[in-house]
Amino acid sequence: MAADKHTSFLKHSYTAAYGVQRPSVKVSCFPPKLQAILYHIAQTTGHKLVITSGKRPHSGTSQHHHCNAADFRIPGVSEKRILAAARSAPGIGGIGRYCNGMVHVDVGPRRKWAHCGRHK
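Residues numbered from 1 in each chain as written. Predicted model: local features only at pLDDT ≥ 70, side-chain atom pairs only at ≥ 80, totals over all residues. Heavy atoms only, no water.

### Here we look at the overall build of the protein
Applicable threshold: Secondary structure follows DSSP: runs of H or I at least 4 residues long count as helices, runs of E at least 2 residues long count as strands, and numbering of each begins at the N terminus. Burial classes: relative accessible area under 20% of the type maximum marks a residue as buried, over 50% as exposed, and values in between as partly exposed (1.4 Å probe, protein chains only). In this analysis, two residues are considered to be in contact whenever any of their non-hydrogen atoms come within 4.5 Å of each other. Surface accessibility follows the Shrake-Rupley procedure with a 1.4 Å probe radius. Residue values consider only the protein chains on display as shielding.
Helix and strand counts for the protein come out as three helices and six strands. The order of helices and strands in the protein, counted from the N terminus, is α-β-α-β-β-α-β-β-β. Per-residue burial for the protein yields a buried fraction of 42% across its 120 residues. For the protein, the proportion of contacts with a sequence separation of at least 24, taken over those separated by at least 6, is 53%. Working note: accessible area of the protein is about 7100 Å², and carbon and sulfur atoms make up 56% of it.

### Regarding the side chain of Ser59
What counts here: For the purposes of these results, a polar contact is taken to be a pair of N or O atoms within 3.5 Å, where, inside protein, one atom must be able to donate a hydrogen and its partner to accept one; residues adjacent in sequence count only when each atom of the pair is a side-chain atom.
Topologically, Ser59 is positioned in the loop between strand S2 (49–53) and strand S3 (69–73). Owing to a relative accessible area of 17%, Ser59 belongs among the buried residues under this scheme. At 2.6 Å, the side chain of Ser59 forms a polar contact with the backbone oxygen of Arg56. Sequence-distant contacts of Ser59, defined by excluding residues within four places in its chain, comprise His64 and His65.

### Focus on the state of the cysteines
Where we set the bar: The disulfide definition used here is simple: a pair of cysteine sulfur atoms within 2.5 Å.
Taken as a whole and judged by the stated rule, the model has one disulfide. Paired by a disulfide, Cys29 and Cys67 hold their sulfur atoms 1.8 Å apart. Taking the sign of the torsion about the S-S bond as the criterion, the disulfide between Cys29 and Cys67, at about 80°, is right-handed. Linking Cys29 in the loop between strand S1 (18–20) and helix H2 (32–45) with Cys67 in the loop between S2 and S3, this pair joins segments that are 38 residues apart in sequence.

### Notes on the packing of aromatic side chains
Our working rule: Two rings from Phe, Tyr or Trp (for Trp, the six-membered ring) form a pair when their centres are within 6.5 Å of each other. A pair whose planes differ by under 30 degrees is stacked, one over 60 is edge-to-face, and the rest are tilted.
Tallied over the entire structure, the rule returns two aromatic pairs. Between Tyr98 and Trp113, the aromatic rings sit 5.2 Å apart at their centres with planes inclined by 75°, giving edge-to-face as the arrangement. One end of the pair, Tyr98, is in strand S4 (residues 94–98); the other, Trp113, is in strand S6 (residues 111–115), with 15 residues separating them in the sequence.

Laid out in structure tokens, this is it:
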């Protein structure tokens, strides 16, 4: 019974670390490892994350397809500080950034990227 209470507390703590930009953003399927990464980023920056994209069923081979990725922003926190927090998160896989200030984290293979909407 004590383990159930602890698990519920952790899930509550993790999900309290972020909100969604709009109700259609799917985050209820986030695995515990991704929730822990998001929680770590919120704790490290001292701010709640705003998830802009979670599960996207039609996203091909993206980690979003399997609900293993989140795109987010943290109002009032610099991208540099957010990326540093993401890099220090236990279990982090991919870290990406968009030129519009959004940051991507996932639990896939370890890698990093930047996408500014133009191809070279």
